[in-house]
Amino acid sequence: MRVTVTPQQLAITSGTASTTELVIANTAEVIAGFQVRVLGADPGWVELPEEQISLFPGETRTLPIKITPPPGLPAGPRRIAVQVRELTPPRGSVVIDIDLNVPAARKVQMRVDPMTVTAGKHASFGLIVENQGNTVVRGVLDGDDPEAQVRFEFEPPRVALIPGDRALINLRATAKRRLAGGPTIRTLGLHLLDPPADSVLPTDADSITPATTPIPGPAAPVPPTAPAAPTGDRTPLAVATFLQKSIFTRGLLSMAGLLAAVTIFALVITVAMSKLVGQSAADRDLALQVAAARNQTSAGGNSSLSGTVRLLTSGQPAPAVSVSVFDASNTSTPIATTATDAAGLYTVGNLAAADYKISFQGAGFVQLWYPAAATDTAATAVTLPAATAKTGLDVVVGGVPASITGKVVGDDVAAATLYLERPPANAPTATTAPADNSAAPVGAASAGAVPPPDNGNALVQTVPIGSDGSFTLTDVPSPSVYDLVVTKAGYATATQRIDISAGEARTGVVITLAKGDGVIAGTVNSPTGPLGGVTVTATTGAVSVQTVSLSGGTTGALGAFTLRGLPTPASLTITATAPGYAAQTQRVTLSAGQKLTGLTITLPKSAGSLSGAVTVLPSNAPGTGVAVTVTGSQLLVQTETQSVTSTVGGTTLAPGHWTVGGLPLPGTYTVTFTRSDLATQTVNVALDASGHVTPGSQGTSVDFNGNITVSMQPATATVEGIVQQTVVSQSTTISTNCTTTGAAKAVGEVTVTLTSGTATFSVVTASVPAADLGHYHIDSVPPGTWTLSVQRSGTSPISTTVTLQAGQVFTFNPTLDPPAAICGLVYSVDGATPRAQWYVYIYRADQYPNVPSYQTRTDNNGGFVFPAVDAPENYVIVVQPSPSAAQAAAISVPVKVSEQLNMGTIQADPQ
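Residues numbered from 1 in each chain as written. Predicted model: local features only at pLDDT ≥ 70, side-chain atom pairs only at ≥ 80, totals over all residues. Heavy atoms only, no water.

A.B. asks: In this structure, what is going on with the sheet that holds strand β29 (residues 417–422)? I would like to understand it.
C.D. replies: Note on sheets: strands pair through backbone hydrogen bonds, and any given pair is parallel or antiparallel. Strand order in the open sheet formed by four strands is β30-β29-β32-β33, with antiparallel pairing between adjacent strands. A strand with exactly one partner marks an edge of an open sheet, and here the two such strands are β30 (458–464) and β33 (494–500). Direction aside, the axes of adjacent strands within the sheet are offset by 20 degrees on average. In this sheet, β30 lies alongside β29 in antiparallel orientation, the contact comprising six bridges. Pairing of Leu420 across the sheet is with Gln461, part of β30. (Pairing = 2+ DSSP bridges. Helix = DSSP H or I, 4+ residues; strand = E, 2+ residues; numbered from the N terminus. Axes fitted to C-alpha atoms, helices over the stretch in contact; angles between N-to-C directions.)

Quick look at the structure:
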């Protein structure tokens, strides 16, 4: 075959499809099948029109390969490979590399909270700077105002953000205040500028080192110039407003004048009011007497009704509910009304002895009649005797059903699930999951679970979320407090608590679904202690999260690192690199929502390396996909032999080769080679201070430079061979023998079976191509004792017992007996005339006379031979002059295995 890829270098953009063309030509002389695979790329990136194709000799096929990288893919070079493998002999394989380059796309967003601050000399703002691009953003924060009167102090003053990361910045704006007058409006433009050429920015995107002293800003009225000013686009990323109050405001001056006027007016009023005091006291006594008399007239009784009103949804007291008492015979006009207090209690007094009905109603509540009736006719009358305080007339009220409408936002909210839950009494306040996932929010659960989190809440409703993220919850019991919980596999559970009033139609609810809820935290060490400034990267599939270990001081513990926003559940490769140190790699598996702490990575200052090649016996083929584990006293490194030719650390490795660096020197190491289908091998190696293998550990498999050559035996056995059968030909003396035995030849379509207990392997010998005729091959056979059987219809089977060892290739070449044969002569009934060129048919007894199994014609002497027929079997032999003529004779005969059945002379005349 001949394979080409055009082009082999592509510039790709996240979310945009790029296409390269794969051309496959069949250079063989037979029809060939090919399988196409793309290696090194997530399957979701790649679109192939066909993964398997068949080509005629000389045919060429062009397959477009569409590559669509996901949004957020970090900038930089990547390499993938296209593998084309023949499915037919000689089963060759071709791998062609494709170099991909993701261009850098810088995108920074800055938000201010609050956007407007009213203050005196100083105003404080919070800034959120987020890297929404695919490359590292480094910069110096700066600000300006049109009057150049404001001094800006940012804490921290600089940021270094990896893609997807964000930083929280405190801004303190300072300006001189006016002595008197209204507030001064100062518009603040906020920038992120390129750092000066001589500045050094932090590399820890996890924790920015705060400045020890504030950056001096411009002094009014002309801003000073810094010796190494940052450069870049002066277009503001965000704008804030500083409403600066004067020292003496207009309101304060107005208040002073008003206070003087009030003082004078108070003196005048005091004199006038003293004359009215005596008359007012007399009027007050008279009014009290009139009111008492009026109450006695209208009340007409000394009994009372009381009780408590509570909410149906939560059981909490329901304040401000209107309580109306009616005469049981007339519910059109209430006799008395009151309202519940803050504790939900109500009392109606001065009632006469009678039967009453009580109604409860409030804004947003459904009207209720005591004890739980929807209408006055269904209400139960309360009988109130004279001079009685009837208590315990308690009811529960429910609000008009509410509705909640909102949207779930995030990079991919499709297939998420929203749960409406009622938290238990005295539950802590829930919050939306923080964007950095540094701690699990109260009430949150592991992402990826289809059911709601098991947090003790009562589930009220469940709503699936579509691709647009919108949702609507109707018929929500109200009033009540609810938790809105959003879950999706691989994402952090988001929880938002809302307080719904009775009958409320709540809109505009926004819930953010953050990608990844896994966390890995730990420490990077060197041989002398914790190590800062180390780049730590977690990779799984197309997701890559990067941070830098802390440098100590005010930033946190030296060498500490935290990787946030990791997808779960997942297996991740953790890589730690730093200049002057050997890179280290570890494999970590996170369960759903897991936050792993205490991971320790040790980087040695000086490092040696081991490398080598693995072959598989007996063919000495490259041992691809073999796990190589190097273990030292305080080190464990794992790698795998290459499956395709690739470059690792600047070294090109062929299939079956491997290399491991970063080995502390001197040291003694155990190198273990494992693959599921191969027997495990172990080699012990000692490296001196120069990285060379010590003479004591050198041997046939290890050389001076640490190159290890290993030949691995299969963990299973192989059974193979060629099945032959004795060749027969038509005898020249049919009256004596049907066939003549010759040399054995290979035969196809023979069943070969291996059996041991319930385990069975079965294959059929090859018929094509001619070079493989009669061959069979059974691999991956577990060691043990097996029964090997060879069987072909028409001949006696062969069976033998074999004991197989791991790695053994057992060859068995059996020769089968000749097949069964039938022959004879056809003559006239009088025996004088041979029936030349007559037709002879053989039917299986259960298929007679419909379908003949074999047919031939007699020779000029009336003889016929069937040199190979299935046996054992019962046959019917029929002779006739022509296919359309009537049967002249029909004879039933049984045929045994390998039997040479001579029918003698069959006498027949035309019918």
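A.B. asks: What exactly am I supposed to notice about the confidence of the model for the chain here?
C.D. replies: The predicted structure's coordinates, where accompanied by low pLDDT, should not be read in detail. Across the chain, pLDDT averages 81, with 83% of residues at or above 70. Element-level mean pLDDT values for the chain span from 39 in helix α2 (residues 277–299) up to 95 in strand β64 (residues 839–844). Low confidence marks residues 275–299, where pLDDT is under 50. Its contacts with residues over four positions away, or in another chain, come to two contacts. Confidence over residues 428–450 falls short of pLDDT 50; this stretch has 61 contacts with residues more than four positions distant or in other chains. (pLDDT = per-residue confidence, 0-100. Contact = heavy atoms within 4.5 Å.)

A.B. asks: For this particular structure, what's the right way to read the environment of Ile842?
C.D. replies: Tracing the backbone shows Ile842 in strand β64. Judged by relative accessible area, Ile842 falls into the buried class, the value being 0%. Separated by twelve residues in the primary sequence, Ile842 and Tyr854 place their C-alpha atoms 5.2 Å from one another. Here Ile842 is in contact with Ile822, Pro852, Ser853, Tyr854, Phe866, Tyr875, Val876 and Ile877, once residues within four sequence places are set aside. (Buried < 20%, exposed > 50% of the residue type's maximum accessible area, 1.4 Å probe, protein only.)

A.B. asks: Teacher, can you tell me more about the pairing of strand β18 (residues 238–244) here?
C.D. replies: In the case of a regular strand, side chains alternate between the two sheet surfaces. Burial along β18 is one-sided: Ala238, Ala240, Phe242 and Gln244 are buried, while Val239, Thr241 and Leu243, pointing the other way, are not. By the bridge criterion, four bridges tie strand β11 (residues 116–119) to β18 in an arrangement that is parallel. Bridged to Val117 within β18 is Phe242. Both strand β17 (residues 184–193) and β18 contribute to a ladder of seven bridges, which runs antiparallel. Each residue of the ladder has a partner; that of Thr184, found in β18, is Gln244.

A.B. asks: Whenever I open this one, the pattern of salt bridges confuses me. Can you help?
C.D. replies: Side-chain pairs of opposite charge can arise where the charged atoms are in close proximity. Counting across every chain of the model gives twelve salt bridges. Here Arg675 ties to Asp677 by a salt bridge, and the two come within 2.6 Å at their closest N and O atoms. Accessibility expressed as a relative area gives 32% for Asp677, which makes it partly exposed. In this structure, the salt-bridge partner of Arg844 is Asp870, at a minimum N-O distance of 2.8 Å. Placement of the pair is Arg844 in strand β64 and Asp870 in the loop between β66 (863–869) and β67 (873–880), with a sequence separation of 26 residues. Classification of Asp870 by relative accessible area gives partly exposed; the value is 23%. Salt bridges sharing common partners tie together Glu50, Glu59 and Arg61. (Salt bridge = Lys/Arg side-chain N within 4 Å of Asp/Glu carboxyl O.)

A.B. asks: Honestly, the sheet that holds strand β46 (residues 636–640) in this entry has me stumped. Any pointers?
C.D. replies: Pairing within the open sheet is antiparallel, and its four strands lie in the order β46-β45-β50-β51. In this open sheet, the two edge strands, each paired with only one partner strand, are β46 and β51 (678–687). Going across the sheet, the axis of each strand differs from the next one's by a mean of 15 degrees, ignoring polarity. Both strand β50 (residues 667–675) and β51 contribute to a ladder of eight bridges, which runs antiparallel. If you follow Thr670 over to β51, its bridge partner there is Asn684.

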